[in-house]
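Each chain, letter by letter, is given below.
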Amino acid sequence: QAESLERLRVHIETMANLETLEIAPSVERPHLAGAQIVGDMEIFLAGVLDLDKERERLEKQKERLEKGISGTEGKLSNQNFVQRAPESVVATEKQRLEDMRKELSLVLTNLDALD
């Protein structure tokens, strides 16, 4: 995904009116940076963080993900669903579960970084 973003660098910098933009597979989170998690990517915006608001936003995101994970795990543990649903639907739910778990891991990492 870093390659895709790199191709869009000029557009992102111009549209967001950025002074700097760092795109890399692994970037250290700047101090007091806001973070947005998109799939398995983290986007940091340096110098704009209100710690209380960021913690609240991440807690809400964490709760939403935990609820989604719980619901999807319940669905996948239901043998009637697994046996009767088309394979593609079951595969989609498994992928969705994996994606939510990855996103939750990033949210928890960001919450820990605020402490």
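The structure presented is a predicted model; accordingly, all values stated were derived computationally and were not measured.

**Q** Even after reading the chapter, I still don't get the layout of surface pockets, so can you show me in this structure?
**A** Here the largest pocket defines a volume of roughly 900 Å³. Every residue lining the largest pocket is counted, 25 residues in all, and those nearest its centre are Leu-21, Glu-22, Glu-42, Ile-43 and Phe-44. For the lining of the largest pocket, the secondary-structure elements that each account for two or more residues are helix H1 (2-7), helix H2 (9-16) and strand S2 (41-45). Residue contributions to the lining of the largest pocket peak at five residues, all from S2. A class-by-class count of the residues in the lining of the largest pocket yields 16 nonpolar, three polar and six charged.

**Q** It is not clear to me how the environment of Arg-96 should be interpreted in this structure. Could you clarify?
**A** Within the secondary structure, Arg-96 is located in helix H5 (residues 87-114). For Arg-96, a relative accessible area of 38% puts it in the partly exposed group. Residues Arg-96 and Ile-69, 27 residues apart in the sequence, show an inter-C-alpha distance of 8.7 Å.

Cut-offs and rules
- Residues numbered from 1 in each chain as written.
- Predicted model: local features only at pLDDT ≥ 70, side-chain atom pairs only at ≥ 80, totals over all residues.
- Heavy atoms only, no water.
- 1 Å grid on protein atoms, 1.4 Å probe; cavity = no way out; pocket = protein on both sides within 12 Å on 5 of 7 lines; lining within 4 Å.
- Points joined across faces, edges and corners; volume = space filled by probe spheres on them.
- Helix = DSSP H or I, 4+ residues; strand = E, 2+ residues; numbered from the N terminus.
- Nonpolar A, V, L, I, M, F, W, Y, C, P; charged D, E, K, R; others polar.
- Buried < 20%, exposed > 50% of the residue type's maximum accessible area, 1.4 Å probe, protein only.

All we've got here are geometric facts, nothing functional implied.
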